[in-house]
Amino acid sequence: MEASSTSTTLKKLKFGKLKVVRRRLLQRYEHQPFISCLAGFYSCRWKRYQRQRTEPGKCCCKMRECLFFPLLIGAFCFSLVFLYMWGEGKNDYNNFDWYNYGNLGFWFLWSLVILILASILFTYISLLLVLAMCLLAEGQQLYLHWSHKIGTFLVLGFSIACLFALTVLWGDHWKTVRLSFQITAPYLHIGAIAIMVLLSWPVALHAIRADKKVIQVIIIGPYVAILLFLFLIPLGMYSPCIREMGTLGPKPALIGHRGAPMLAPENTEMSFQKTIEHGGDGLETDVTISYDGVPFLMHDTTLKRTTNIKEVYPNDTDQNAALFSWDSLQKLNAGTWFLKDKPFSFMGSLSEADQNQAMNQSIYKLSNFLRLADSHNKLVIFDLYRPPEKHPYRNLWISRTLEVILKESGIKPHLVLWLNNNMRSFVQSVAPGFQHTFGRKAPIEDLLKNNIVKLNLVYTDMSSEDIRKYAEANITTNLYVVNEPWLFSLAWCSGAHSVTTNAVHLLNDLSQPLFLMTPQQYNIMWILTDLTSLLLISLIFALHWWRERNFSCCAQDSNPVLESGTYNKFRTELSDMPAVLT
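Note that the structure is a prediction, hence the values are computed from the model and not measured. (Residues numbered from 1 in each chain as written. Predicted model: local features only at pLDDT ≥ 70, side-chain atom pairs only at ≥ 80, totals over all residues. Heavy atoms only, no water.)

(A) Layout of the overall build of the protein chain. Helix and strand counts for the protein chain stand at 22 helices and nine strands. Classification of the 582 residues of the protein chain by burial places 46% in the buried group. Residue pairs at least 24 apart in sequence account for 69% of intrachain contacts in the protein chain once pairs closer than 6 positions are excluded. Element-wise, carbon and sulfur atoms account for 62% of the exposed surface of the protein chain, whose accessible area totals about 30,000 Å². (Helix = DSSP H or I, 4+ residues; strand = E, 2+ residues; numbered from the N terminus. Buried < 20%, exposed > 50% of the residue type's maximum accessible area, 1.4 Å probe, protein only. Contact = heavy atoms within 4.5 Å. Areas by Shrake-Rupley, 256 points an atom, 1.4 Å probe, with all protein chains shown as cover.)

Shown next, in the form of structure tokens:
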């Protein structure tokens, strides 16, 4: 009777062993198209026998790959930071291209090239990271192909080098990034929470499979800490666009920066007419005085960028614009460069009539500019450049400009925002009707003492608190140069009274700030995001726990000798079976 019972038990053990062997053979050699694609693109390992599953409680990859995986994550983070920084810097692309023009001597849209390159590299490294996460979620060991490792180093080096160069050469751009968080932070928060939900799948899989508590803590601890930080970070967020209904101030007035330079050649009659056509409230320009005392509009020190001086006066291309007589300046074309260089990255196409008009633009006199503004009742503000040494009007530049404003143009004094700080007392005595404007922040007492009624500040100095304090003293604030709708929305919510912009035609169409919401709406969005993500993450962890528990129970029921040395040896031999079996 005992022999019969022993024989039956041995048969059951052998049958159970065969079932486990069969299941493991199927796992090793079954067709897995999804995993094959993942491993093929990530590791160039398209065959099933080339891949290895992660054993429960074991590391997800070999030591060399464990050391390299943080570099992949670092490349992703640095490329993301640079892409975000450069994407939010679109407002200043023209300044960046102009800076490179001054150093290189030719015009090119470097800003657009960098944006495209940064987008491509970020997409590439993001796909690698997604493939890695999917492989981890499927319980596969990671092995990054050597070509992707080289690509990772390239992305990491490019991103770090660009961030370093921008920090050194264009450090103020970080102020733009900080301002952008006041608009984008609520939506970046949602995106970060969504990423954490996706990461919960591989985290839960490997944490529950871990055979030691220490390993589980190492996996889950940082994940939970980051998740809690993201859940609570909205407590420290601030945005002037999150405000109660009815507290938003009036829309800022729009002042065309050198006219409408996205629609017409800058500082030309056509450019200012376009500003007026699109509802601009004021006109901004730059004034230089010719050698024979005629104030004209020109931003650059030389005439190379915005005229055809290389064709007309090829030997004088580097000469200061103020050293030309007005008769010589009138012979230059100030519009053909615009059609050739396309100075803005996202310019719209011009109609045939506008192209013909642009091709026939000439350098514009200050007196004509003022008459145009006066006829349409538009404010004017301008930077006045002092002529170089040995210029006949070097010491008469202020008086000559005032003569043109007060006597030759006939413009109403209250339309002039006088910005130049030289000889301000003299200007106030000669032209008391001007609206005197100051170009930087200063104590309110000093501003009132000098009869300052407006501040003209670079937009990176934007502060809703400062704008409010100045407004209480009847000092309005103008911000320059504001081109992007998100930045204009932030200026609007901060209480700015006007902005100088290259994009009057775009900003004039905004009926309210972008991203405007009440605190109640934001709280609902925040709480719903956190609760929904917490529920999804809990379900994912519960699913993995249930799957691993059932799998473990089934394995033990099918084969009671799984832990025996004999079966472990057999399993080792099985894993070494030749690849021809595929």
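(B) Region of interest: the state of the cysteines. Going through the model one piece at a time under the given rule, you end up with one disulfide. Covalently, Cys241 is tied to Cys493 through a disulfide, its sulfur atoms 2.3 Å apart. Disulfide Cys241-Cys493: torsion about the S-S bond near 100°, hence right-handed. With Cys241 in the loop between α8 (213-232) and β1 (253-257) and Cys493 in helix α19 (residues 485-494), this pair connects stretches of sequence that are 252 residues apart. Across this residue pair, the class does not change: Cys241 and Cys493 are buried. (Disulfide = S-S within 2.5 Å.)

(C) The environment of Ile398, seen in detail. When you line up the elements, Ile398 lands in helix α15 (residues 397-409). According to the relative accessible area criterion, Ile398 is buried, its value standing at 1%. Once the C-alpha coordinates of Ile398 and Arg424 are considered, the two residues, 26 residues apart in sequence, prove to be 9.7 Å apart. With residues up to four places along the chain from it excluded, the contact list for Ile398 reads Leu384, Trp418, Asn420, Asn422, Met423 and Val427.

(D) Structural detail: empty space enclosed by the protein. Inspection of every chain in the model, using the stated rule, returns five cavities of 30 Å³ or more. Each pocket or cavity is described by its volume, and for the largest cavity that value is around 60 Å³. Surrounding the largest cavity, Glu266, Asn267, Thr268, Leu297, Met298, His299, Thr306, Ala334, Ile363 and Tyr364 form its lining. Looking at the lining of the largest cavity residue by residue, the classes come out as five nonpolar, four polar and one charged. (1 Å grid on protein atoms, 1.4 Å probe; cavity = no way out; pocket = protein on both sides within 12 Å on 5 of 7 lines; lining within 4 Å. Points joined across faces, edges and corners; volume = space filled by probe spheres on them. Nonpolar A, V, L, I, M, F, W, Y, C, P; charged D, E, K, R; others polar.)

(E) Spatial organisation of the pairing of strand β4 (residues 379-384). Two strands pair when backbone bridges link them, and strand β2 (residues 282-289) and β4 are joined in this way by six bridges, in the parallel orientation. Each residue of the ladder has a partner; that of Leu283, found in β4, is Val380. In this sheet, strand β5 (residues 416-418) lies alongside β4 in parallel orientation, the contact comprising two bridges. Within the sheet, the bridge partner assigned to Ile381 lies in β5 and is Leu417. Taken together, β4, α15 and β5 constitute a β-α-β crossover, and its handedness is right-handed. (Pairing = 2+ DSSP bridges. Right-handed = clockwise from strand over helix to strand, strands pointing away.)

(F) Seen up close, the packing of aromatic side chains. This model, assessed by the stated rule, comprises 21 aromatic pairs. Measuring from ring centre to ring centre gives 6.0 Å for Trp86 and Trp170, while their planes differ by 75°; the resulting arrangement is edge-to-face. With a gap of 84 residues between them, Trp86 in helix α3 (residues 63-88) and Trp170 in the loop between α6 (146-169) and α7 (173-209) connect regions that are remote in the sequence. Among the aromatic residues, those joined into a cluster by ring pairs are Phe82, Trp86, Tyr93, Phe96, Phe158 and Trp170. Seen from the ring of Phe68, Lys149 lies directly overhead, with NZ or CZ sitting 5.6 Å from the centre. In this structure, Arg305 is placed above the aromatic ring of Trp337, and the distance from its NZ or CZ to the ring centre is 5.7 Å. (Phe/Tyr/Trp six-rings, centres within 6.5 Å; stacked < 30°, edge-to-face > 60°. Lys NZ or Arg CZ within 6 Å of the ring centre and 35° of its normal.)

(G) Structural context of the packing of helix α5 (residues 110-137) against α6. Interhelical geometry of α5 versus α6 gives an angle of 135° and a closest axis separation of 10 Å. Comparing their axes, α6 and α5 come out oblique. Crossing hand, α5 versus α6: left-handed. From α5, Leu117, Ala118, Leu121, Tyr124, Ile125 and Leu128 reach across to α6, where they touch Ser147, His148, Gly151, Thr152, Val155 and Phe158. (Axes fitted to C-alpha atoms, helices over the stretch in contact; angles between N-to-C directions. Parallel < 35°, antiparallel > 145°, perpendicular 65-115°, else oblique. Left-handed = near helix turned anticlockwise from the far one by under 90°.)

(H) Highlighting α8. Between the first and last C-alpha of α8 there are 27 Å, a value that for 20 residues agrees with the 28 Å anticipated at 1.5 Å per step. Its axis deflected by about 30° at Ile220, α8 carries its strongest bend there, up to four residues before the proline Pro222. Every buried residue of α8 is accounted for by Tyr223, Leu227, Leu230 and Phe231. (Expected span 1.5 Å × (residues − 1). Bend = angle between axes of the 7 residues up to and from the residue.)

(I) Molecular detail of unusual backbone geometry. With omega at -20°, the peptide bond leading from Tyr480 into Val481 counts as cis. Within the fold, Val481 resides in the loop between β8 (476-480) and α19. At Lys342, a residue that is not glycine, the phi angle is positive and equals roughly 45°. Assignment of secondary structure puts Lys342 in the loop between α12 (336-341) and α13 (352-359).

(J) Examining the pattern of salt bridges more closely. Throughout the structure, instances matching the rule amount to 15 salt bridges. A salt bridge links Asp286 to Arg258, with the shortest nitrogen-to-oxygen separation between them at 3.6 Å. Taken together, the positions of Asp286 in strand β2 and Arg258 in the loop between β1 and α9 (269-277) put the pair 28 residues apart, joining distant regions of the chain. By relative accessible area, Asp286 is classed as buried at 2%. (Salt bridge = Lys/Arg side-chain N within 4 Å of Asp/Glu carboxyl O.)

(K) Main features of the nonpolar core. Grouped together as the largest cluster of nonpolar side chains are 35 residues, with contacts concentrated most on Tyr42 and Trp86. Contributing elements (two or more residues each) for this core: α2 (33-43), α3, α4 (93-104), α5 and α6. When residues in this core are grouped by element, the largest group, 11 residues, is from α5. Each residue touching Trp86, except ones within four places of it in the same chain, is listed here: Tyr93, Phe96, Ser111, Ile114, Leu115, Leu166 and Trp170. Residues Tyr459, Ala473, Ala496 and Val504 belong to the second largest nonpolar core, which totals 30 residues. (Core = buried A, V, L, I, M, F, W, Y, C linked by side-chain atoms within 4.5 Å.)

(L) Region of the structure containing the packing of α2 against α5. One can describe the packing of α2 onto α5 by two numbers: an axis separation of 10 Å at closest approach and a directional angle of 135°. Judged by the angle between their axes, α2 and α5 are oblique. The interaxial crossing formed by α2 with α5 has left-handed handedness. Each of Leu38, Ala39, Phe41 and Tyr42 in α2 lies in contact with α5, whose residues at this interface are Leu128, Leu131, Ala132, Cys134 and Leu135.

(M) Structural context of a nonpolar patch on the surface. A cluster of nonpolar side chains, namely Trp98, Tyr99, Phe164, Val168 and Leu169, defines an oily patch on the protein surface of about 560 Å² accessible area. Those elements giving two or more residues to the nonpolar patch turn out to be α4 and α6. Looking at which element gives the most residues to the nonpolar patch, the answer is α6, with three residues. The exposure class assigned to Phe164 is exposed, which follows from its relative accessible area of 60%. (Patch = residues over 30% accessible without salt bridge, like charges linked within 9 Å, V, L, I, M, F, W, Y side chains within 5 Å.)

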